[in-house]
Amino acid sequence: MTDTDHVSPGGPTVVRALDEIVIRTVSVGPMANNAYLLTCRRSGAQLLIDAADNPDRLLALVREGSGSARLDLVVTTHRHPDHLQALRSVVAVTGAHVAAGADDADAIARATETSVGRRLHDGDPVTAGHLTLQVVALRGHTPGSIALVYREPEHASAPGAVPGRAHLFTGDSLFPGGPGRTTSTATFTALMDDLEARVFARFDDQTLVYPGHGDPTTLGAERPHVQEWRARGW
């Protein structure tokens, strides 16, 4: 990754344009949460991952991708308050649908007074226009934490594209340097088990990881340390 991938609250949007999709990243709120806007280049459909904070900034982000402020879906990666402070406002303005991991959906709905119309499970497809992503359930940080994965097409040819490369949006389940925070030995073990089986065993080293806070990384950078994380217990 490069310095151009870094975002900070109040800073500019980082844009990655690929063959099928444009990925826009901003950082919002006092905890520097990352929010990701995915725009289908063919249809103009848009999906927002984590309406975390600062609704005005997020709505401006939506307009960066769509002059009509089109937003089809907001996916909330998990129930923690810093990831959903702007959800109610963004949905009220855009009319977007809301999706979240099945085991976090009720808590998110109560906290935001917003209907969670779709409860996501491991392996479910999530669509935005002509784009399809897949849910990866990563239990442990919260019971219903999820990641989303998008794969570039095998015919990818845009500048910077890599045919077949995966882009993994991990919420707070995986960061540069280790898994997200857990509150017990059991939840730590559950998260590590899911990360090993559902992430590291499935995706190759060129996979880009977009975390809920901080800079992106790759699975290749993190893979050598997986057993260290398990041994240290956090």
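Definitions and limits used
- Residues numbered from 1 in each chain as written.
- Predicted model: local features only at pLDDT ≥ 70, side-chain atom pairs only at ≥ 80, totals over all residues.
- Heavy atoms only, no water.
- Helix = DSSP H or I, 4+ residues; strand = E, 2+ residues; numbered from the N terminus.
- Rg over C-alpha atoms; globule rule 2.2 N^0.38 Å.
- Buried < 20%, exposed > 50% of the residue type's maximum accessible area, 1.4 Å probe, protein only.
- Contact = heavy atoms within 4.5 Å.
- Areas by Shrake-Rupley, 256 points an atom, 1.4 Å probe, with all protein chains shown as cover.
- Lys, Arg positive; Asp, Glu negative; His and termini not counted.
- Charge placed at Lys NZ, Arg CZ, Asp CG, Glu CD.
- Pairing = 2+ DSSP bridges.
- Axes fitted to C-alpha atoms, helices over the stretch in contact; angles between N-to-C directions.
- Parallel < 35°, antiparallel > 145°, perpendicular 65-115°, else oblique.
- Left-handed = near helix turned anticlockwise from the far one by under 90°.
- Nonpolar A, V, L, I, M, F, W, Y, C, P; charged D, E, K, R; others polar.
- Arc of directions from axis to C-beta.
- Phe/Tyr/Trp six-rings, centres within 6.5 Å; stacked < 30°, edge-to-face > 60°.

Caption draft 1: Structural context of the overall build of the protein. Looking only at helices and strands, the protein has six helices and 15 strands in total. Here the C-alpha radius of gyration of the protein, 16 Å, is about what a compact globule of 234 residues would show, namely 17 Å. Viewed in the frame of its principal axes, the protein has a C-alpha envelope of about 50 × 45 × 30 Å. Residues classed as buried in the protein amount to 55% of the 234 residues present. The long-range fraction of contacts in the protein, counting pairs at least 24 apart against all pairs at least 6 apart in sequence, stands at 56%. With an accessible surface of roughly 9800 Å², the protein has 50% of that area assigned to carbon and sulfur atoms. The averaged location of the 27 negative side-chain charges in the protein is 4 Å from the averaged location of its 21 positive side-chain charges.

Caption draft 2: The sheet that holds strand β8 (residues 125-128), seen in detail. Across the sheet, which stays open at both edges, the six strands sit in the order β8-β9-β10-β11-β14-β15 with mixed pairing between neighbours. Both outer strands of the open sheet, β8 and β15 (217-218), are each paired with one neighbouring strand and no more. Examined bridge by bridge, strand β14 (residues 208-211) and β15 share two bridges and lie antiparallel to one another. In the sheet register, L208 faces β15, and the bridge partner there is T218.

Caption draft 3: Region of the structure containing the packing of helix α1 (residues 55-65) against helix α2 (residues 87-94). Taken N-terminus to C-terminus, the directions of α1 and α2 make an angle of 40°; their axes are 9 Å apart at the nearest point. In terms of axis orientation, α1 runs oblique to α2. Classified by chirality, the crossing of α2 by α1 is right-handed. Two secondary-structure elements touch here, α1 through P55, L58 and L59 and α2 through S89, V90, V93 and T94. In terms of residue class, the contact of α1 with α2 is made up of five nonpolar, two polar and no charged.

Caption draft 4: Up close: α2. Every buried residue of α2 is accounted for by L87, V90, V91 and T94. Along the long axis of α2, the arc covered by the buried residues comes to 95°, so they all point the same way. Across from the buried face of α2, at angles greater than 90 degrees, the exposed residues are A92 and V93. G95 lies just past α2 and shows a positive phi near 75°.

Caption draft 5: Inspection of the packing of aromatic side chains at higher detail. Within this structure, the stated rule accounts for four aromatic pairs. Plain terms: the ring middles of Y36 and Y210 are 5.7 Å apart, the flat faces sit at 80° to each other, and that makes the pair edge-to-face. Of this pair, Y36 sits in strand β3 (residues 33-40) while Y210 sits in strand β14; the two residues are 174 residues apart in sequence, bridging distant segments of the chain. The pair Y36 / Y210 is uniform in exposure class, with both members buried. An aromatic cluster is present here, built from Y36, F169 and Y210 joined pairwise through their rings.

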